[in-house]
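Overview (structure and organization)
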Amino acid sequence: MATLIAPSNHSSAEDAEALQKAFKGWGADDKTIIAILGHRNVHQRQQIRKAYEELHQEDLIKRLESEISGDFERAMYRWMLEPADRDAVLANVAIRNGKKDFHVIAEIACVLSAEELLAVRRAYRHRYKRSLEEDVAANTTGHLRELLVGLVSSFRYEGDEINARLAQSEANILHETVKEKKGNYEEAIRILTTRSKTQLVATFNRYRDEHAISISKKLLDNQASDDFYKALHTAIRCINDHKKYYEKVLRNAIKKVGTDEDALSRVVVTRAEKDLRDIKELYYKRNSVHLEDAVAKETSGDYKKFLLTLLGKQD
């Protein structure tokens, strides 16, 4: 379930005028900006952007970039983009950041549906005049390249059918791959990049039943510092249970010495209209602290107010 609290009806023209007033004078009225844009769904935000441009001959996103700054500006910029365009930007940032962010590519590719991922690839091509696959391939090597290019190129079947015999045989292949860095990497990549998510979950369950440990825990135990295995671990976690994956991303972002604002913003902004309420519940169960309280403690200013608004916290 979503955490976003948005009105069922609103006037995009009135919102556009209120935002224009908020930009006037010395320094923007950030409270008004958050009160409006932090309470509008994606369709409403696009209507406001269109109305603002028609009324003021100016792109609202560009105006926001000039009026606000820092973590607040970065989070707001991503919030204002359509989901496919936002994920295209996140993928590009991850590619440019290199080794430390390659897992974000796997995250995007494995959490989204086949149609959503296709939309991201289209948005990426439109925005950067290159394909996502091309940029991933140009910035990676070896098995990591094969895995990430395969994941972003995938168009998975989304039915519920399961082949139990296939799950058994492919659980064995994955076991050989993670066992002391030996095995058939190409086969493991083929399995992860082509099978339906339902079939893969059956394979991961079979692995756990056979070896009394989940494949994601086994990867974490054995290969923590290897880029390929990190991306493999992310892909498996996102396919298996993306909500638990996001809870851990939030936990790591908040407990880090110096909060990881990029990771925190990425999860809150991308999941606020989807399943952030479920992720919040998982966070509380795991940490005995409400996510809103943890975010409030580790952030400040307008950035804090904006994140708390998207988390559904009422004034």
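For the protein chain, the name recorded in an unreviewed UniProt entry is Annexin, with Arachis hypogaea as its organism. For the protein chain, the Sequence similarities (unreviewed entry) comment in UniProt is given as "Belongs to the annexin family."

A word on the nonpolar core. With 97 residues, the main nonpolar core has Ile33, Leu37, Met76, Leu148, Leu192 and Leu264 as its most contacted residues. At 14 residues, the largest contribution of residues to this core is made by helix H15 (residues 227-255). In this structure leucine 148 touches Phe102, Ile105, Ala106, Val136, Thr140 and Ala231, once residues within four positions along its chain are discounted.

What the rule picks out here adds up to 8 aromatic pairs. Note on tyrosine 185 and tyrosine 229: the rings are 6.4 Å apart at their centroids and 80° apart in plane angle, and the pair reads as edge-to-face. On the criterion of sequence distance, the pair formed by tyrosine 185 in helix H12 (residues 185-194) and tyrosine 229 in helix H15 is long-range, its members being 44 residues apart. Exposure class is identical for tyrosine 185 and tyrosine 229. Each is buried. Taken together, the ring pairs in this structure connect Phe72, Trp79 and Phe306 into an aromatic cluster. If you follow arginine 45 out to its NZ or CZ, it ends over the ring of tryptophan 79, 3.6 Å from the centre.

Looking now at the side chain of serine 196. On the secondary structure map, serine 196 appears in the loop between H12 and helix H13 (197-211). For serine 196, a relative accessible area of 8% corresponds to the buried category. Every residue in contact with serine 196, bar those within four places of it in the chain, is listed here: Tyr157 and Gly159.

Moving on: the domain arrangement of the protein chain. Segmentation of the protein chain into domains returns domain 1 (12-68), domain 2 (83-240) and domain 3 (243-311). Spacing between the C-alpha centres of domain 2 and domain 3 amounts to 24 Å. Of the residues lining the interface, 13 residues belong to domain 2; the matching set on domain 3 comes to 9 residues. Summing the contributions of domain 2 and of domain 3, the shared interface buries around 980 Å²; its carbon and sulfur component is 52%.

The rules behind these values
Residues numbered from 1 in each chain as written. Predicted model: local features only at pLDDT ≥ 70, side-chain atom pairs only at ≥ 80, totals over all residues. Heavy atoms only, no water. UniProt positions renumbered as here; feature names shortened; annotations may be inferred. Core = buried A, V, L, I, M, F, W, Y, C linked by side-chain atoms within 4.5 Å. Buried < 20%, exposed > 50% of the residue type's maximum accessible area, 1.4 Å probe, protein only. Helix = DSSP H or I, 4+ residues; strand = E, 2+ residues; numbered from the N terminus. Contact = heavy atoms within 4.5 Å. Phe/Tyr/Trp six-rings, centres within 6.5 Å; stacked < 30°, edge-to-face > 60°. Lys NZ or Arg CZ within 6 Å of the ring centre and 35° of its normal. Domains from an automatic or database assignment. Buried area = accessible area lost by both parts, 1.4 Å probe.

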